[in-house]
There are 2 protein chains.
Amino acid sequence: MIVELVCVGTELLLGNIVNTNAAYLAEMCARLGLSMYYQSVVGDNEERMTQVIAQAVDRSDVVILCGGLGPTQDDLTKEVTAKVMGMKLVEDEHTRNCIQEYMNNLFVGRPDAKITDNNWKQALVPEGALILDNANGTAPGLIIEENGKIVILLPGPPNELKPMFENQVYPYLREKQPEVILSRMIKICGIGESAVEDKIQDMIDAQNNPTIATYAKTGEVHLRVTARAESEAEAKKMIKPVVRELKVRFGKNIYTTDEHKTLEECVIDLLKDQELELTTVESCTGGALAARLVNVPGASDVLKQGLVTYSNKSKRKFTLVKKSTLKDEGAVSHKTAKEMAKGAVENTGCDVSVSVTGLAGPNGGTKEKPVGLVYIGCCYKGKTTVREFHFNGNRSKVREQAVVQGLVLLRDCILENYVNE
Amino acid sequence: MIVELVCVGTELLLGNIVNTNAAYLAEMCARLGLSMYYQSVVGDNEERMTQVIAQAVDRSDVVILCGGLGPTQDDLTKEVTAKVMGMKLVEDEHTRNCIQEYMNNLFVGRPDAKITDNNWKQALVPEGALILDNANGTAPGLIIEENGKIVILLPGPPNELKPMFENQVYPYLREKQPEVILSRMIKICGIGESAVEDKIQDMIDAQNNPTIATYAKTGEVHLRVTARAESEAEAKKMIKPVVRELKVRFGKNIYTTDEHKTLEECVIDLLKDQELELTTVESCTGGALAARLVNVPGASDVLKQGLVTYSNKSKRKFTLVKKSTLKDEGAVSHKTAKEMAKGAVENTGCDVSVSVTGLAGPNGGTKEKPVGLVYIGCCYKGKTTVREFHFNGNRSKVREQAVVQGLVLLRDCILENYVNE
C-alpha cells in the first residue's frame, strides 16, 4: 500500500517549528511496511489545502493528514477533507462528551473557567468516520474509508499525535496490511558506521526479505531487521537467524536489542546490576555526560556526583591531578585524564569513575594537540584505562561524541570485570 | 514572490532523519519576505521527482530544491531539473577544479587515496546556470533562471547548505525582491509566552507593517519585528519606534537584540564584563546547566567548575549543606538550594554560584512536593536569592526549563549589582 503524508500548518511554512511529526510518522509507516512516496506541507488555506488533499487521495492508497483540527476558524483540515471526500459533517455525541470531560478536568480549581463555543466545532465529524479518542487534548482523530481510499486525520501536537498513532492508528493499519511486517532493533556502540557496514556488506548485498536498514546516530549505529511474511510466527522465524548472525558479528558491541532502550539506560542498568556507585569528571564536555546519565529516571541509585573540573585549579582540588602533570603534559593529555579518573574515585569513595578532557574548539588547537583531540579515562577496580580520540566536527559535535565514548568506555570496563552472581 | 520548497531524499521518506533543512529554509524565506505556500518531500525516483518539480515550477515563482546532488547514481535532482527546464548539462571547468582542490585537501596524508570517477558527475551543470561554490563539499549549488522562473539547487547536508544559502543565495534573492525586507530580533527571558503576548496584544492587533512575530522557546520568547519598504533607510525608520516601544515594555527582560546571540552567551559576556568566576551546583539538572554554559567558546574564562551533587552525601561534602537541613526540609527545598549556592561559593572561592534542586520525575512526587517543583538559588556578594518554580511537562522538559531559569536568575542577580566602570 502506498501512503502519503500531508502536514498542515502555517508555522511549518514560516519555519517557526521543525516538522518532527513527519519523521515520526514516516518511520512508523516504514515499520508497517507501507511505501511512502510523497510528503507535503500546506498552510491553513482552503483552496491550496483542497488541491493538496485531492492530489494525495488520487495518487495514494492511504493519506495521513496532521494538524489543523483545533477549535479556531483557521483550522480547516476536517472541513476540507470532508468536502474532498464528498461527506457531510455531523455532530458526534460521544466526542462532545469527551470534550466536556476533558475541559472539566482542565478547569479543576478554576470555577470561573468556561468552555468557549468554538470548542464544540471539534465534535463535528464526517458522517460514518471512525473516531479516535484523544486522551491528551480536545480534537479527536478520524479515520475515513471511502471509495477504496483511507484518509487519517491526526491532531498536530506531538504529545497528542504520538499516543493516538501508537495505540489506535498503528493497530488499524497493521490489520489492513495483507502481510505481517515484523522488525527487530539491534543497537551497536563502540564501532563506527563504515566499520559496521563493512562487517555486514555481504548480508546487505544478499538481502531481500528480511532486510537490514542502517541508522547512524552520534557514536552509535542502529540496525533494523525487518521481515514480511504471512504470519507473525513465520516473520519471527525469518528474523531469528539474521539477528543471531548479527550477534555473532558484533558481540559485546551490541548494547541492546530493545527498541526503546538508550545507551545511557543500559549503562545505568549495568551499574545497578553490579551495585556500583559512579562519579563523572568532565572538562570539555562540561557536565553533558552527567546530564545524559541523569536523563534516566532512577539514575540517582548509581550516579552519586559529577565534577565539572573546567579549570586547572579545580582539576587539582577535586580530582587531585598533580601540578607537575598539568605543567608538563597539559590539561588535555593521557596523564591528566588518568589522574582525573583515579583522583575522582579516591576523593569520593565511589567504585568507578569516568573522566573526559579534550579540545572542543573552535580555538586552542595546535599542531600537536589539534581541536577534536579528547582523552577519556575510566578507573575501576584499581585499574585506569585511557583512550585517545580524534573527533571531527564543530564544538558541539566533538562534545557529543565525547559523551557517547565516555559511556562506551564505562560500559566496556564494567563488562570486562563483570561479576555474575 | 511565491517560493516553494522541495526536499529530495529517501531517508526523509523513511523517517531516518528529521527535515531540519525545511525549517531553516522556510525561516530564511520568511525573513526575505517571500511567501511559501507549499513544501514537499520526494524520493530519488525519476518519474515522481519530475512530477513534483514540474508542478512546483508551474505554480511558484521560485523553487528551492535540496538534496540529491551527490556523486552516486541515486542522485538525480540536477538531471531531472535540467530535463524539466529543457536545459542541457555541460561540464564546468571551474567546478571541476574546485572538486579536484577539495579532494586534494581531503587526501592530505593519504597517498593511496584517489578521486573516484563518479565524482566528476558533480562538475556537470545545466548550461547557463549560476554556480554556487561549495566550501564544505564537492557538489556545487546552482541557480537557474529560465522562462521567468527561478530554480535553486542546494546540497542536502546542513553544513554545506547553510553557509551556501547565507553567503550566496540570500543576497541573490534579496536583490530579486522589489521591496526591502528588514527585521530585528528581540530576545526575552524571565517572562512567559502568554504574559509576553498580553503585554503586546494591542501592538499585534494594530500591526500591518512592520509586523511582530512571536517565537516561543523553552523559557524564552523571541520577537521578530519585520518591515517592508522601498529602501533600507525607510525600513529602518519604520522598525525603530517599534523596537523602542518593545524595549520600554520589556526592559531588562530583553537579554539581546542580536540575531545570533544565545542566552548562555549573554550570561557569559556579563560574567566576563564583571570579571566574575562562577561555580554551578546542580542536582536534578545533573550537569546540563554547566554543559549549556560550556556551549560558549571561551566559557573557561568564567566557569571554573561545576558540581553535580546528586546524592545527599555529595551535597554535604561539596557544598556544605547541613545534615539537619536535608533531614528536616529535604533535598528539594528552599533551604537546601540556598545552602548549596552559599556552600559552593565558600568551598570554591568563586565570586558567584547558581544552584538547582528539584523533582524532575516521573517518580518521587508527593502532594506537598509534586513533580516539577524546582528551587533555584544564586549566591552573589554575600546574598543568596532562591526562587521556587512549578514546571509542567516530562522529565526532560522540567530539566530544560530549570536550566533556563538558572541562567535567568544568575543574570538577574548580576544585573542587580551591576558595576559600571
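Our structure is the block above this text.
Position numbers for residues start from 1 in each chain and track the written sequence from start to end. By the order in which they are written, chains take letters starting at A while ligands take numbers starting at 1. Local features in a predicted model are, by the rule used here, given only for residues with pLDDT of at least 70; side-chain atom pairs are given and counted only at 80 or more, and totals for whole chains, interfaces and linings are based on all residues. Side-chain metrics in this entry use all non-hydrogen atoms of the structure; hydrogen atoms and water are not considered.

Draft legend 1. Region of the structure containing the packing of helix α3 (residues 46-59) of chain B against helix α4 (residues 77-85) of chain B. All names here are of chain B. The contact between α3 and α4 brings their axes to 9 Å, and the two run at 50°. As summarised for this structure, α3 and α4 are arranged oblique, according to the angle between their axes. Here α3 runs over α4; the crossing is right-handed. Along its contact with α3, which presents Glu46, Met49, Thr50, Ile53, Ala54 and Val57, the element α4 presents Thr77, Val80, Thr81, Lys83, Val84 and Met85. Lines fitted to C-alpha atoms define the axes, with helix axes restricted to the stretch in contact, and inter-axis angles between N-to-C directions lie between 0 and 180 degrees. Counting from the N terminus, the helices are DSSP H or I runs at least four residues long and the strands are E runs at least two residues long. Here the word oblique covers every angle except those under 35 degrees (roughly parallel), over 145 (roughly antiparallel) and from 65 to 115 (roughly perpendicular). Note on convention: the crossing is left-handed when the near helix lies turned anticlockwise from the far helix by less than a right angle, right-handed when the turn is clockwise. In what follows, residue pairs with any heavy atoms lying within 4.5 Å of each other are defined as contacts.

Draft legend 2. How the structure looks around the side chain of Thr138 of chain A. Structurally, the position occupied by Thr138 of chain A is in the loop between β6 (130-132) and β7 (141-146). Setting aside its immediate chain neighbours within four residues, Thr138 of chain A contacts Ile99, Tyr102, Met103, Asn119 and Gln122 of chain A.

Draft legend 3. Broad picture of the sheet that holds strand β3 (residues 62-66) of chain B. Read from one edge to the other, the open sheet built from twelve strands follows the order β6(A)-β7(A)-β8(A)-β3(A)-β1(A)-β2(A)-β2(B)-β1(B)-β3(B)-β8(B)-β7(B)-β6(B), with strand pairing classed as mixed. Strands with a single pairing partner mark the edges of an open sheet, and in this sheet they are β6 of chain A together with β6 (130-132) of chain B. With strand direction ignored, the average angle separating the axes of adjacent strands in the sheet is 15°. Between any two strands, at least two bridges found by DSSP are needed for them to pair. Bridging between strand β1 (residues 2-8) of chain A and strand β2 (residues 35-42) of chain A involves seven bridges; their strand directions are parallel.

Draft legend 4. Region of the structure containing the relation of the copies chain A and chain B. Residues below a pLDDT of 70 in either copy are left out; the C-alpha atoms of the rest, at least 70 in both, set the least-squares superposition of the copies. Least-squares fitting of chain A to chain B yields an RMSD of 0.3 Å, with the superposition described by an axial translation of 0.2 Å and a rotation of 180°. Taken together, the turn and the small shift mark the pair as related by a two-fold rotation axis.

Draft legend 5. Structural detail: empty space enclosed by the protein. Put simply, the grid is 1 Å and covers the protein atoms alone, a cavity is a trapped set of points that fit a 1.4 Å probe, a pocket is an open set with protein on both sides within 12 Å along at least five of seven lines, and lining residues have an atom within 4 Å of a point. Grid points are joined across faces, edges and corners, and a volume is the space filled by probe spheres set on the points. Under the counting rule described, the total for this entry stands at five cavities of 30 Å³ or more. What the largest cavity holds in volume is close to 130 Å³. Lining the largest cavity we find 15 residues, and of these Asn19, Ala22 and Gln39 of chain A together with Asn19 and Val41 of chain B sit closest to its centre. All residues other than Ala, Val, Leu, Ile, Met, Phe, Trp, Tyr, Cys, Pro, Asp, Glu, Lys and Arg, Gly among them, are scored as polar; the first ten of these are nonpolar and the last four charged. Taken together, the residues of the lining of the largest cavity sort by class into nine nonpolar, six polar and no charged. Of the volumes computed, that of the second largest cavity is approximately 100 Å³. Taken together, 14 residues form the lining of the second largest cavity, with Ser40 and Arg59 of chain A together with Ser40, Gln55 and Arg59 of chain B sitting closest to its centre. Mapped by element, the contributors of at least two residues to the lining of the second largest cavity are β2 and α3 (46-59) of chain A together with β2 (35-42) and α3 of chain B. Counting residues per element, the lining of the second largest cavity draws most heavily on α3 of chain B, which supplies four residues. Per-class residue counts for the lining of the second largest cavity are five nonpolar, six polar and three charged.

Draft legend 6. The arrangement of the interface of chain A and chain B in detail. At the junction of the two partners, chain A supplies 58 residues and chain B supplies 58 residues. Put simply, buried area is the surface a 1.4 Å probe can reach on two separate parts but cannot reach once they are joined, added for both. Across the interface of chain A and chain B, roughly 4500 Å² is buried in total on both sides, 54% from carbon and sulfur atoms. A pairing counts as a salt bridge when a side-chain nitrogen of Lys or Arg comes within 4 Å of a carboxyl oxygen of Asp or Glu. For the pair chain A and chain B, the number of links is zero salt bridges. Nitrogen and oxygen atoms within 3.5 Å of one another constitute a polar contact, given that in protein one can donate a hydrogen and the other can accept it, and given that sequence-neighbouring residues count only through two side-chain atoms. The tally of links between chain A and chain B comes to 29 residue pairs in polar contact (both at pLDDT 80 or more). Across the side of chain A that touches chain B, the residue classes tally to 29 nonpolar, 21 polar and eight charged. Two strands pair when backbone bridges link them, and strand β14 (residues 303-309) of chain A and strand β14 (residues 303-309) of chain B are joined in this way by five bridges, in the antiparallel orientation.

Draft legend 7. Quick peek at the sheet that holds strand β10 (residues 211-217) of chain A. Residues and elements named next belong to chain A. Taken in spatial order, the four strands line up as β10-β11-β9-β12 in an open sheet, and their pairing is antiparallel. The sheet is open, and its two edges are formed by β10 and β12 (254-256), each paired on a single side. Between one strand axis and the next, the sheet turns through 35° on average, direction left out of account. As paired elements, β10 and strand β11 (residues 220-229) share seven bridges and run antiparallel to each other. Bridging across to β11, Ala213 finds its partner in Arg224. Sitting on the sheet, helix α7 (residues 193-206) touches β9 (180-189), β10 and β11, and the angle it makes with β10 is about 175°.

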